[in-house]
Amino acid sequence: MNVREGSMDRSSMAAGAAPLPVSFVFGRCRVDVARRELLLDGRVVKLGGRAFDVLLVLVEARGSLVAKDTLMARVWPGRIIEDNSLEAQISALRRALGAERELIRTVAGRGYQFVGTIADSMEVATPEVPAESPARIPVLPASLSPLIGRDRALDELMELTSASRLITLVGTGGIGKTRLALELARRLQRDFPDGVSLAELGPIAAAEFVPAAVADALGFPHGAGTASLDRIASTIRSRHILLILDNCEHLIDAAARVVEALLRAGAFTRVIATSREPLRAEGEYVYRVSSLDVPAEEDLDIDDMRQYGAMQLFDARIPGGVPGAADNDPQWIARSMAQKAWICRRLDGIPLAIELAAARVPVFGIQGVAERLDDRFQLLAGGSRTALPRQKTLRATLDWSHELLAADEREIWARLSVFAGAFTLESAVAVAGDSAFSPDTVVDCLSNLVDKSLVVTDASALMRHRLLETMRLYAREKLTAGSGCRHSCGDMRNTTGTCSSAPRSNGRRAPPSIDCRLRALSGRPARGTGMELPADGDSRSARRADDLQRFRCGGSCLLEECLERVDFALAHLRS
């Protein structure tokens, strides 16, 4: 549609500035100045005359800031105009530009700026195609199963992608970062006509091969040599591309460099990265991928329990469906649901662990899987045949994370495994520190373990940290196998006190130590493996058994954070 009403005098438009070419191009847009037409992807876009004049003035400034007063004087010469009239035309212009709307930048309180790159349309009519330019528009792999329990995360990420060009999905191994990134990318495909690509860094061992993996993902042809990062960046300059960079943690520095180069080169490029720690690249938004929601211990309503993502995933991944599901016996259903909820809680809502546990149900049954969770690293094996080796078992996933840690981080992680619940920074320093690890070293290592998704932070008035149970059991194995076990247990006794007669600094006597309290639990052992499963659906019994299991330490003493939970268990046993 031609736009001629309210046309600004061209001599006025060009006053004091280098004249624009008769026709020019930026991004997916072509502007015919003589015909006063704006074309997007070759189609004429409806645009009023004033908004068209605003575009010309901004483009004419060649990237310089245009003050509001100057813009109004140029577009409405000789007239007094309110600010809202200009804002209305800016809004109309942005609507017309569609995906290119971000090229019109608002500088608060000052004016507006055009940040795109323009070229004479004659110069770009027959562009020379580089030998290594993409030969195809990449296509994402099709989804083979629905993503379960991530609706809220997807909604949040859809909002974030409109404002952030780089989003890194960060979380522990097996938390479902890749699945979430792929589903997000599928929902965004229509916004990226030049392709949505997946670059998998997991199989790559060396940093120098990262650019080649990105080039392959973006559709660059093979056989013409390896496309350099600079050439890739120059080729995607005006392309609307979404790149998923998956499994960055072992090549974190190289991944950060590649991402920054691509984002600087292409104004329309977006990147979604997945990693067990942030890239720490410029402009990065770190999105922590949480575990799936699990029912609370006191939640025994069957319909409510079915709404939790962890429960839905467990049922969906049982081969052949839930055993006995056709049975309408209410007691069986209640018992089965309670057992599944207990399993999901013990597995911290980690999708990979839940899927591996569900795969064992045909062999052991739900009750049998629950009884074997103390040996979860042996139980939760036999994952997908096509997955990377480190993603086939729960132990392999954690082995991969452990190998990526520095030696100091491994030792501190092992020592922190003595905490069965939440702990403060001061407690961590008291337990993990010694002559080899100064308080500053412990703090630095703890910070790195949080970054690498091996320690969870509970933000509250008093900042506390904790290890998910699966991480704690793995780290506890390392502690028991290493030389740090005796040191840590000894330090815990020195920190918390082992004698009920030890006085406090305020003159009062300390409460009985956890060793003493645990001795009070003797003679009341839980059956079997030391825990009582909630087979009868009794939430109080389940809580009692869970507390006993978590705090029967075999003679080693935990910290004060545990004492309240042991008192809670004792109170229930005495009631």
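If you're wondering where the values come from, they're calculated on a predicted model, not measured in any experiment.

A. Representation of the overall build of the chain. When you go through the chain residue by residue, the secondary structure sums to 25 helices and 15 strands. Considering the chain as a whole, with its 575 residues, one finds that 48% of them fall into the buried category. The contacts in the chain between residues at least 6 apart in sequence include a share of 70% that link residues at least 24 apart. Counting only carbon and sulfur atoms, one obtains 49% of the accessible surface of the chain, whose full area is about 27,100 Å².

B. Inspection of helix 8 (residues 210-217) at higher detail. Within helix 8, 6 of the 8 residues are buried, which leaves it mostly tucked inside the rest of the structure. Within helix 8, burial applies to Val210, Pro211, Ala213, Val214, Ala215 and Ala217. In the core, the buried residues of helix 8 are packed alongside strand 10 (196-200), helix 9 (229-235), strand 11 (242-246) and helix 10 (252-265). Within two residues after helix 8, Gly219 carries a phi angle of roughly 95°, on the positive side.

C. A look at the sheet that holds strand 6 (residues 104-107). Strand order in this open sheet of 3 strands is 5-7-6, and the pairing throughout is antiparallel. A single partner strand is all that each edge strand has here, and the edge strands are strand 5 (66-67) and strand 6. Bridge count between strand 6 and strand 7 (residues 111-114): 4 bridges; the pairing is antiparallel. Paired with Ile104 across the two strands is Phe114, which belongs to strand 7. Of the strands in this sheet, strand 5, strand 6 and strand 7 touch helix 2 (residues 49-60), which is tilted by about 70° from strand 7.

D. Fine view of the environment of Pro330. Tracing the sequence through the fold places Pro330 in helix 13 (residues 330-346). On a C-alpha basis, the gap between Pro330 and Ile302 in space is 9.9 Å, while along the polypeptide they are 28 residues apart.

E. The arrangement of helix 3 (residues 68-75) in detail. When helix 3 is considered as a whole, its buried residues turn out to be Leu71, Met72, Arg74 and Val75. Projected down its long axis, helix 3 carries its buried residues within an arc of 165°, all on one side.

F. Region of interest: the pattern of salt bridges. Under the definition given, this model contains 23 salt bridges. Glu60 serves as the salt-bridge partner of Arg74, at 2.7 Å between the closest nitrogen and oxygen. Highlighted residues: Arg74 in helix 3 and Glu60 in helix 2, separated in sequence by 14 residues. Residues Glu282 and Arg264 are paired through a salt bridge, measuring 2.9 Å at the closest nitrogen-oxygen approach. With Glu282 in the loop between strand 12 (270-275) and strand 13 (284-288) and Arg264 in helix 10, this residue pair connects regions lying 18 residues apart in the sequence. Taken individually, Glu282 and Arg264 each receive the classification exposed, so the pair is uniform in this respect. Each of the salt bridges in this network shares a partner with another, and the network as a whole consists of Arg346, Asp374, Arg376 and Glu469.

G. Examining the nonpolar core more closely. Formed by 77 residues in total, the largest nonpolar core has its most connected members in Leu169, Phe314, Ile343, Trp413 and Leu416. Excluding residues within four positions of it along the chain, Leu416 makes contact with Phe423, Ala428, Ala432, Leu446, Leu449 and Leu467. If you look at the next biggest cluster of nonpolar residues, it comprises 34 residues, including Phe26, Cys29, Leu103 and Phe268.

H. View of the packing of helix 14 (residues 351-359) against helix 15 (residues 361-371). Their axes nearest at 7 Å, the elements helix 14 and helix 15 cross at an angle of 110°. In terms of orientation, helix 14 and helix 15 fall into the roughly perpendicular class. The segment helix 14 lies against helix 15, with Ala357, Ala358 and Ala359 engaging Val361, Pro362 and Val369. In terms of residue class, the contact of helix 14 with helix 15 is made up of 6 nonpolar, no polar and no charged.

I. Main features of the confidence of the model for the chain. Per-residue confidence for the chain gives a mean pLDDT of 78; residues scoring 70 or more make up 73%. Here residues 9-16 is a poorly scored stretch, pLDDT under 50, and it has 10 contacts once near neighbours within four places are set aside; other chains count. Low confidence marks residues 122-131, where pLDDT is under 50. Its contacts with residues over four positions away, or in another chain, come to 4 contacts.

J. Region of the structure containing the sheet that holds strand 9 (residues 166-170). A sheet is described by the order of its strands in space; here 5 strands give the open sequence 10-11-12-9-13, paired in parallel fashion. Each of the sheet's edge strands pairs with one partner strand only, and the pair in question is strand 10 and strand 13. Shown here is a sheet whose adjacent strand axes are inclined to one another by a mean of 20°, direction ignored. Pairing between strand 9 and strand 12: 5 bridges, direction parallel. Note on strand 12: the bridge partner recorded for Leu166 is Val271. Contacts between helix 6 (residues 151-161) and the sheet are confined to strand 9, strand 12 and strand 13, with strand 13 contributing the most and set at about 175° to the helix. Lying over the sheet, helix 10 contacts strand 9, strand 11 and strand 12, oriented at roughly 170° with respect to strand 12.

K. Structural context of the pairing of strand 12. In terms of burial, strand 12 is largely enclosed, as 6 of its 6 residues are buried. As defined by bridge partners, strand 11 adjoins strand 12 across 4 bridges and the pair is classed as parallel. Paired with Leu242 across the strands is Arg270, a residue of strand 12. Following the chain from strand 11 across helix 10 to the adjacent parallel strand 12, one finds a crossover that is right-handed.

L. Looking closely at the pairing of strand 9. Most of strand 9 sits out of view: 5 of its 5 residues are buried. Neither face of strand 9 is left uncovered, since the one carrying Leu166, Thr168 and Val170 and the one carrying Ile167 and Leu169 both have all their residues buried.

M. Structural detail: the environment of Arg35. By secondary structure assignment, the location of Arg35 is in the loop between strand 2 (29-32) and strand 3 (37-40). Since its relative accessible area comes to 44%, Arg35 is described here as partly exposed. Each C-alpha atom, one on Arg35 and one on Val22, is 9.1 Å from the other, the two residues being 13 residues apart in sequence.

N. Spotlight on a negative patch on the surface. Together, Asp69, Glu82, Asp83 and Glu87 line one region of the surface with negative charge. Within the element layout of this structure, Asp69 appears in helix 3.

What counts and how
- Residues numbered from 1 in each chain as written.
- Predicted model: local features only at pLDDT ≥ 70, side-chain atom pairs only at ≥ 80, totals over all residues.
- Heavy atoms only, no water.
- Helix = DSSP H or I, 4+ residues; strand = E, 2+ residues; numbered from the N terminus.
- Buried < 20%, exposed > 50% of the residue type's maximum accessible area, 1.4 Å probe, protein only.
- Contact = heavy atoms within 4.5 Å.
- Areas by Shrake-Rupley, 256 points an atom, 1.4 Å probe, with all protein chains shown as cover.
- Pairing = 2+ DSSP bridges.
- Axes fitted to C-alpha atoms, helices over the stretch in contact; angles between N-to-C directions.
- Arc of directions from axis to C-beta.
- Salt bridge = Lys/Arg side-chain N within 4 Å of Asp/Glu carboxyl O.
- Core = buried A, V, L, I, M, F, W, Y, C linked by side-chain atoms within 4.5 Å.
- Parallel < 35°, antiparallel > 145°, perpendicular 65-115°, else oblique.
- Nonpolar A, V, L, I, M, F, W, Y, C, P; charged D, E, K, R; others polar.
- pLDDT = per-residue confidence, 0-100.
- Right-handed = clockwise from strand over helix to strand, strands pointing away.
- Patch = residues over 30% accessible without salt bridge, like charges linked within 9 Å, V, L, I, M, F, W, Y side chains within 5 Å.
- Lys, Arg positive; Asp, Glu negative; His and termini not counted.
- Charge placed at Lys NZ, Arg CZ, Asp CG, Glu CD.

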